[in-house]
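Structural overview
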Amino acid sequence: PSSYHDTANRERMPQKIFLGNCNIFLCPAVYRIERRRCRKRERNVLIMEKFIAVITSEKFYLPFVYVAIGLVLNMLIGNVVDKIGARHKSISGKDKRKDTVINLVKSVSKYLILIFVVLGIFKLYGVDTTSIIASIGVFAAVIGLAFQDILKDVLAGASVIFDNKYAVGDVV
């Protein structure tokens, strides 16, 4: 006669087994299968928790917020510039200088917003943006000294645009 404490009988009898989140009564053969399932569930839970931690971290969602704010700001500035341009109608009905200035303001604002968004994202990830801005300033000074004649021509072109002598589409 075998007793309850016999190891052969103990393996055949149902046992209460704790498997992480699973607290169940099983025989040893089913225990191995259920243990694998429970471990797989626990791995899936850990993966999901890590995924949620990444999604909710500031380094993940703030760049999207910065880009969205930049796009909205660019759209608002474009609309304001268009409305200001629409108020100042010319007598002839078509003012090429006005269109040129409007396009110039839109382009400059677009690139300024782009620079600020990129610098904000860099700062979010821990990049020292002050050194980048200083480097860009030094680089611009070197380029300015190296290309003085080109800069003179660009400034002369800007003064021609703002003096209303010529506009885009004019034949010179």
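The paragraphs below set out a description of the structure included in this document. (Residues numbered from 1 in each chain as written. Predicted model: local features only at pLDDT ≥ 70, side-chain atom pairs only at ≥ 80, totals over all residues. Heavy atoms only, no water.)

**As for the packing of helix α3 (residues 58-87) against helix α4 (residues 96-124)**
- For the pair α3 and α4, interaxial distance at closest approach is 10 Å and the crossing angle is 165 degrees. When the axes of α3 and α4 are compared, the pair comes out roughly antiparallel. For α3 against α4, the interelement crossing comes out right-handed.
- Here the contact of α3 with α4 is built from residues that sort into 13 nonpolar, 6 polar and 6 charged. (Axes fitted to C-alpha atoms, helices over the stretch in contact; angles between N-to-C directions. Helix = DSSP H or I, 4+ residues; strand = E, 2+ residues; numbered from the N terminus. Parallel < 35°, antiparallel > 145°, perpendicular 65-115°, else oblique. Left-handed = near helix turned anticlockwise from the far one by under 90°. Nonpolar A, V, L, I, M, F, W, Y, C, P; charged D, E, K, R; others polar.)

**A few points about α3**
- Taking 1.5 Å per residue as the helical rise, α3 with its 30 residues ought to reach 44 Å, and the 42 Å between its terminal C-alpha atoms agrees with that figure.
- All of the buried residues along α3 are Leu 62, Pro 63, Gly 70, Gly 78, Val 81 and Gly 85.
- Packing partners of the buried residues in α3 comprise α4. (Expected span 1.5 Å × (residues − 1). Buried < 20%, exposed > 50% of the residue type's maximum accessible area, 1.4 Å probe, protein only. Contact = heavy atoms within 4.5 Å.)

**Points about the pattern of salt bridges**
- One pass over the full model with this rule turns up 1 salt bridge.
- The residue Asp 82 makes a salt bridge to Lys 106 at a minimum N-O spacing of 2.8 Å. With Asp 82 in helix α3 and Lys 106 in helix α4, this residue pair connects regions lying 24 residues apart in the sequence.
- Relative accessible area serves as the criterion here: at 34%, Asp 82 is assigned to the partly exposed category.
- Residue classification places Lys 106 among the partly exposed positions, given a relative accessible area of 27%. (Salt bridge = Lys/Arg side-chain N within 4 Å of Asp/Glu carboxyl O.)

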